[in-house]
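Summary of the model geometry
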2 protein chains.
Amino acid sequence: MSRAALLAATIIAGSLPQAALAVASQDNTSLDATEPASSHSPLFAAELERAREFVDGMITEGVVVPVPKDPGGGYTHEQHKRNFRAIYQGGQLYRITGEERYRDYVRNMLLEYAELYPTLDDHPAQANQNVGRLFWQVLNDAMWLVHAVQGYGDIRDTLNAEDRQRIDDNVFRPAVHFLSVESERTFNRIHNHATWATAGVGMTGYLLGDQDMVDRALLGSDKSGETGFIRQTELLFSPDGYYTEGPYYQRFALLPFLVFADAIERNEPERRIFEHRDGILLKALRTTVQLSYRGYFFPFNDAIRDKSLRTAELYEGVAIAYGQTRDPALLSVADFQGRTVLRPNGALVSRDLAAGMAEPFPFRTLLLSDGPDGDEGAVAILRQGPTNAEGEPATALIAKNSSQGMGHGHFDKLAWQLYDNGNEIVRDYGAARFLNIEAKRGGRYLPENTTWAKSSVAHNTLVVDQTSHFGGDAKLADTLWPTQLYFSDAPGLQVTSSVMDSAYPGVTMRRTWLMPTIAGLEAPLVIDLVHAQSDEPHQYDLPLHYSGHIMEFDFEPISNTAERPVLGSDNGYQHIWVDAEAGLQDGRGALTWILDGRFYTYRFAGNGPLTAILGESGANDPEFNLRREPLIMLRAQREGEASFASLLEAHGSYDGAAEQTLDSRSLVSDLNHQRIDGMDLVRLTLKSGQRFAIAVSHNPDPATAHSVTLDGESLEWDGFAAVIALPGEDN
Amino acid sequence: MSRAALLAATIIAGSLPQAALAVASQDNTSLDATEPASSHSPLFAAELERAREFVDGMITEGVVVPVPKDPGGGYTHEQHKRNFRAIYQGGQLYRITGEERYRDYVRNMLLEYAELYPTLDDHPAQANQNVGRLFWQVLNDAMWLVHAVQGYGDIRDTLNAEDRQRIDDNVFRPAVHFLSVESERTFNRIHNHATWATAGVGMTGYLLGDQDMVDRALLGSDKSGETGFIRQTELLFSPDGYYTEGPYYQRFALLPFLVFADAIERNEPERRIFEHRDGILLKALRTTVQLSYRGYFFPFNDAIRDKSLRTAELYEGVAIAYGQTRDPALLSVADFQGRTVLRPNGALVSRDLAAGMAEPFPFRTLLLSDGPDGDEGAVAILRQGPTNAEGEPATALIAKNSSQGMGHGHFDKLAWQLYDNGNEIVRDYGAARFLNIEAKRGGRYLPENTTWAKSSVAHNTLVVDQTSHFGGDAKLADTLWPTQLYFSDAPGLQVTSSVMDSAYPGVTMRRTWLMPTIAGLEAPLVIDLVHAQSDEPHQYDLPLHYSGHIMEFDFEPISNTAERPVLGSDNGYQHIWVDAEAGLQDGRGALTWILDGRFYTYRFAGNGPLTAILGESGANDPEFNLRREPLIMLRAQREGEASFASLLEAHGSYDGAAEQTLDSRSLVSDLNHQRIDGMDLVRLTLKSGQRFAIAVSHNPDPATAHSVTLDGESLEWDGFAAVIALPGEDN
């Protein structure tokens, strides 16, 4: 097909953008979205009812298009948000049901906007240079356009020429002009705000048959391809589909990527957008799902912890990806979501799900590189254990060896989280924010987001001299990242290892997590090796933010039972209450807690004396903005090198209903750590008398043989690391 | 039938006690428990598999009958417990499957006991005068007998005469002698320990055809009926089927009551045991279910909070009660439990459940009198709101106006709890105990059970002069209880009101809870009126132990942000951290928190200045034995009368997935409380401008008219209480 012919086809297709064309071009299955609701499969039918309820309510209220005035959360802001949802869903309802009242409502709404839009200038609640028209920031104007243009597309071909002209010329063309010309700076960024803007502009281009709009959206204002949507797909995701700000923002960014890509695919299939960069967009969707546990996103960086796969952005994303791939694993995600979209892709998801075609999503151990070229650190996910009904393993360890992730990043290089038995055992605080709750500073990020949530000490990472990584300087942090040294998904001994030499000047931090299987011990077991090296003397603090109720500890602390002090005065330390403090001359100890019927013991050894601090978050918080959560901190004063070796051991069970308790105490009696010639040797003695060594050479070559003699015992192994059975003790 | 003929019939029946006879005597439905497992309905089939797994494992281990040595939790203790479960389930498996290996295993086990039992004297781990033979306390010996005699009954008729004689004479007759003669003091108590003993002895009597045993079990050692099982059914439950120790122990006591009653019914149906005292045993079973929320028992008094309807005692109880009543509501309890028993009653439950015959259990508002004559206070349960899939209303308020409940009682007269939206909003701590967790003082009650969990300040009750009710004297407490003054389950205005004049010398405490429906406000709303009267000046503390995260408060406290003191030195006050403290000259304030996506505002007014204290449990707890939970305490120094009026208002919602928040702030702008001529008048002003009065005359006569003029407004109503709409304010 010639370019001209294609363009002509595009224009015609553009007038029927989302609904009628899409699926028919993908397969021959009849999925006529105009059949009556009663014949739809359950998921789609429920979605239809939900949309009817919302839009019917809006119709009852009548068309309300207020003059923009309020900032986020205010009346005009919320009304324009409701309006774009109503345009979007109203169009879908008209397309599916054929009921003219939906068409008329969307038309009347857009005619009101045609009155309003030409009168607008910068929004009066402007907060910075990224000012919008309908909203206080341009991002919201882009979101409005992405949704409204889809609803308009569903009715445009049914309008008389006059109405169509008015809406084209007085709403959509000026909105595109505003986003792509007047706000050119935002439009040409490599940033998710620009993704929204290019998606809105490009989709409008397809609808109006305006290839200039489309080209600017795809290739940037100058059509050079240096910016624009295509370039964004190349620079905003790592080669593994990881978005640098983290899972919470990855979810948000996905919507315009996939919705616009879907429009490109339908209008310009020869672009093969879903194959671009080795299928990066579909990869990003799957990676987003991988970044979750029991449906909830790993909450690292600024993240609202109750954000899960059940979110509007991913209903669209999963349906579009399923339309492209027919991957049955995506159906099980849709099943978990219990939602889909009122598009042919959604009908397809709903039908195939009802037909029992879903398969478990393949949650697995994987390494997600960060940065456009995959060389700016990585997020490592180790998974293990029996799978639940959704096919998800019981245990997940996340090692955050990634880059800072821009303004929403936290100062937590080489931090980690552990999930087990359905719960977050080693925690990440997420953001200090109560989204949309007015009493909490209008729902915005709280002051404690900076003073606590972003600080290094609020994370499971190494803190030097009671300061945050990079001195808490976000701009500096964005230029520096860890190096991922080694990764192995070998089932009996999963490993991830990284080094960070620039979080603190002159201090090199190396951290290795191993998840071994050891006969006689339950799963999961996590060996955590932290090694810091510096020419200067420092204080090293290693906090572990755990979830659970303390059962016992094997040291004798001084307890602050009747007056509770705080740990420090700044960098997050001011928010930590100190419950108890123990000096450990031999640098060894163990703490056991219970969570949800399972016991966990954290057993540790330092290369010299340690202080163990039992504490809780929530000090210096007169507004009760923080959650109160326990932590143990290991503190070492060291010159030269500091090392911390620990074992996190899950064991036993407590069943209150059956009044049955098993193995409430650790099955390990001793942990010994030695560092010899840069190799780590952890020896475990079990209460059964069995003994094991976890030997780590730190040499990634699998063929290299290593040998160490320790207390008369010879340890031999090949490669990076190994579990070695040792002669047992008599018991 | 003559007595002699009946006795003969009983003897024959006695050799086939639980299985073959039971259901056939109740209806003509074929429920042959010997049919192959594959034909059983799912619940029963699953139970069969579970029993096979356990007993097959025991058979593999071989018969192990150790000489008694260890106390509770120790090896010989646990082994004898496993043995009685194996005898019990082994017999059932033989009866159902006909597989001789089960019969042989039970026989061989009992023959081993026939060797051991005659050699036994008092258990070496004797702790007090209630010493057992197989176990350290006689209660466990009784539990052994109750289970073992049932298993023996399933195989006895298949044994040769010699084996039967040896087991009869060397195990069961001496066990009966031990429990009913040598331990006569326990046997003749009116106490749940005696229920276990009489049940074991009586069931053995039926099996061996020994009417003397049966009569002693039913009527006490002297057969006078002053003690024994029948008398226990008359004295241990109130007329409403409430067991004075509370739900946690009610559950435990139910098993021997229902299992023995079932045996009586099958062997001596003319006793009509299930009709005795107006059907008290079946009533007690239903009351036990009423004392739960989402399946979990109200945790007041010493109670392990994770105890739910999913407990062995109630699998038996529900099956037996269903066999008696065919009440389809009991099927939904069994469905929730997901368990049943390997008896014909269990097969019946399983079959009818599979046939879809279950109906929701009728959870409802009800008053449960306490004491054998129903005149020792009461537990009031107010329920309201939309019901869940199990037919349970969203909201339940529990007013604990009952008696002390013996040694496991807490000092919490007129305390309350509130459940809503699936959660416990106003909390009862339950017991300070980690059952069976060795690290926590061997799993026994912790010291903090006395110093915190039992203390008045740990409850939602009025505390005078920082001391517990009755000075913390349990013996005194057992002789005194509140008087229930009024109760109404009227849907628009549920009410419960009580008075207690002996918790503190010279102080009369009156407390009334109302659950009104008010147009413009959401549900639930709870009005709580506390009134204390004394001739002496006192300090009155009213704690509210709530669940949730603070959103805001309308007072300006002094915050202990960097050093946190404790509230007092004893009577539980030593366990309270003080976060903040506010002096309220006008005695008014409000606190809002969030729990699980719903907001709650506690708005209060005192009859004079108040101090509001925001605190948390967990001080003076070096072993971390306590949970850390928030509280607000209202403190008043008063001469004469002290009153506290409050409104607990649920409002709005937070949906993190949809990023939608509704009504996060209270819908009420003002609460005004006046007490005039002994009547309480609470006036609410809503932010909408609407105004309402809740008027309480405290006169139970529904026909009496009341009239009060307040600030020029005339309030008129009839009866105990009313909600009155007042002229609104302009808004």
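Residues numbered from 1 in each chain as written. Chains lettered and ligands numbered in written order. Predicted model: local features only at pLDDT ≥ 70, side-chain atom pairs only at ≥ 80, totals over all residues. Heavy atoms only, no water.

Description of the overall build of chain A
- Along its length, chain A carries 17 helices and 30 strands.
- Across its three principal axes, chain A shows a C-alpha extent of roughly 90 × 55 × 50 Å.
- In chain A, buried positions account for 63% of the 731 residues.
- Taking all contacts inside chain A whose residues are at least 6 apart in sequence as the whole, residues at least 24 apart take part in 66%.
- Accessible surface for chain A amounts to roughly 25200 Å². Of this, 48% is attributable to carbon and sulfur atoms.
- Positive and negative side-chain charges of chain A, numbering 62 and 99 respectively, have mean locations separated by a distance of 5 Å. (Helix = DSSP H or I, 4+ residues; strand = E, 2+ residues; numbered from the N terminus. Buried < 20%, exposed > 50% of the residue type's maximum accessible area, 1.4 Å probe, protein only. Contact = heavy atoms within 4.5 Å. Areas by Shrake-Rupley, 256 points an atom, 1.4 Å probe, with all protein chains shown as cover. Lys, Arg positive; Asp, Glu negative; His and termini not counted. Charge placed at Lys NZ, Arg CZ, Asp CG, Glu CD.)

Section: the UniProt feature "domain: Alginate lyase" (unreviewed entry) in chain A
- Mapped onto the present numbering, the UniProt feature "domain: Alginate lyase" (unreviewed entry) falls on residues 79-288 of chain A.
- Structurally, residues 79-288 of chain A is divided into 70% helix and 0% strand, and its ends, taken at the C-alpha atoms, are 30 Å apart. (UniProt positions renumbered as here; feature names shortened; annotations may be inferred.)

Quick word on the relation of the copies chain B and chain A
- Overlaying chain B with chain A gives an RMSD of 0.1 Å, the required rotation being 180 degrees about an axis along which the chain moves by 0.1 Å. When the rotation and shift are considered jointly, the pair of chain copies conforms to a two-fold rotation axis. When C-alpha distances to the rotation axis are compared across chain B, the minimum falls at Arg564 of chain B, with a value of 2.5 Å.
- Most of the interface of chain B is mirrored in chain A, where 100% of its interface residues again form contacts. (Least-squares fit on C-alpha atoms with pLDDT ≥ 70 in both.)

Quick look at the sheet that holds strand 8 (residues 463-464) of chain A
Residue and element names in this part refer to chain A.
- If you walk across this open sheet you meet the six strands as 8-13-21-20-17-15, and the pairing is antiparallel. Of all strands in the sheet, those bounded by a partner on one side alone are strand 8 and strand 15 (558-559).
- With eight bridges connecting them, strand 17 (residues 576-584) and strand 20 (residues 610-617) associate as antiparallel partners. Residue pairing for strand 20: Ile576 is matched across the bridge by Ser617. (Pairing = 2+ DSSP bridges.)

Quick look at the domain arrangement of chain A
- What the domain assignment lists for chain A is domain 1 (3-354), domain 2 (366-666) and domain 3 (667-731).
- The straight-line distance from the C-alpha centre of domain 1 of chain A to that of domain 3 of chain A is 55 Å. (Domains from an automatic or database assignment.)

Re the packing of aromatic side chains
- Enumeration over the complete set of coordinates arrives at 42 aromatic pairs over all chains.
- Ring geometry for Tyr248 of chain B versus Tyr249 of chain B: centroids 5.1 Å apart, planes at 85 degrees, classification edge-to-face.
- Among the aromatic side chains, those forming a connected cluster through ring pairs are Tyr206, Phe229, Phe237, Tyr243, Phe257 and Phe260 of chain A.
- Directly above the ring of Tyr429 of chain A sits Arg627 of chain A, whose terminal nitrogen or CZ lies 3.9 Å from the centroid.
- Above the face of the Tyr94 of chain B ring, Arg103 of chain B is positioned so that its terminal group lies 5.9 Å from the ring centre. (Phe/Tyr/Trp six-rings, centres within 6.5 Å; stacked < 30°, edge-to-face > 60°. Lys NZ or Arg CZ within 6 Å of the ring centre and 35° of its normal.)

Quick notes on the sheet that holds strand 8 (residues 463-464) of chain B
All names here are of chain B.
- Pairing within the open sheet is antiparallel, and its six strands lie in the order 8-13-21-20-17-15. At either margin of the open sheet sits one strand with a lone partner, and together these are strand 8 and strand 15 (558-559).
- In the sheet, strand 20 (residues 610-617) pairs with strand 21 (residues 630-638) via six bridges, with the strands oriented antiparallel. In the strand pairing of strand 21, Thr611 is matched with Arg635.

A closer look at the pairing of strand 13 (residues 538-545) of chain A
Residue and element names in this part refer to chain A.
- Most of strand 13 is tucked away: eight of the eight residues are buried.
- Residues His538, Tyr540, Leu542 and Leu544 line one face of strand 13 and the alternating positions Gln539, Asp541, Pro543 and His545 line the opposite face, and both faces are buried.
- Looking at chain direction, strand 8 and strand 13 are connected through two bridges and run antiparallel. Counterpart to Val464 in the pairing with strand 13 is Tyr540.
- Here strand 13 pairs with strand 21 (residues 630-638) via eight bridges, running antiparallel. Across the sheet, residue Leu544 finds its bridge partner in strand 21, namely Ile632.

Structural notes on helix 13 (residues 312-325) of chain A
Residue and element names in this part refer to chain A.
- The terminal C-alpha atoms of helix 13, which comprises 14 residues, lie 20 Å apart, in line with the 20 Å expected from a rise of 1.5 Å per residue.
- With eleven of its 14 residues buried, helix 13 lies for the most part within the structure.
- Every buried residue of helix 13 is listed here: Glu313, Leu314, Tyr315, Glu316, Gly317, Val318, Ala319, Ile320, Ala321, Tyr322 and Gly323.
- Each element contacted by the buried residues of helix 13 is listed here: helix 3 (75-97), helix 11 (247-267), helix 12 (276-290), strand 2 (296-297), helix 14 (328-337) and helix 15 (344-354).
- Arg326, located one to two residues past helix 13, shows a positive phi value of around 50 degrees. (Expected span 1.5 Å × (residues − 1).)

Observations regarding the interface of chain B and chain A
- Each partner contributes residues to the interface: chain B has 50 residues there, and chain A has 50 residues.
- Where chain B abuts chain A, roughly 4200 Å² becomes buried across the two surfaces, and 52% of that area is made up of carbon and sulfur atoms.
- Applying the counting rule to chain B against chain A returns six salt bridges.
- Note that Arg665 of chain B and Glu438 of chain A form a salt bridge whose closest N and O atoms lie 3.4 Å from each other.
- The tally of links between chain B and chain A comes to 21 residue pairs in polar contact (both at pLDDT 80 or more).
- Those elements giving two or more residues to the side of chain B that touches chain A turn out to be helix 11 (247-267), strand 14 (549-553), strand 16 (563-565), strand 17 (576-584), strand 20 and strand 24 (660-662) of chain B.
- In terms of residues, the side of chain B that touches chain A owes the most to one element, strand 14 of chain B, which gives five residues. (Buried area = accessible area lost by both parts, 1.4 Å probe. Salt bridge = Lys/Arg side-chain N within 4 Å of Asp/Glu carboxyl O. Polar contact = N/O pair within 3.5 Å; in protein donor to acceptor, adjacent residues only side chain to side chain.)

Examining the pairing of strand 27 (residues 691-696) of chain B
All names here are of chain B.
- Most of strand 27 sits inside the fold, with six of its six residues counted as buried.
- Side chains Arg691, Ala693 and Ala695 of strand 27 all project onto a buried face; the interleaved residues Phe692, Ile694 and Val696 project onto the opposite face, where all are buried too.
- In this structure, strand 26 (residues 679-686) lies alongside strand 27, joined through six bridges in antiparallel fashion. Within strand 27, the residue paired with Val682 across the bridge is Ile694.
- Between strand 26 and strand 27, which follow one another and run antiparallel, lie four residues, and Gly689 among them has a positive phi close to 100 degrees.
- As defined by bridge partners, strand 27 adjoins strand 30 (residues 721-726) across six bridges and the pair is classed as antiparallel. Considered in strand 30, the bridge of Arg691 is made with Leu726.

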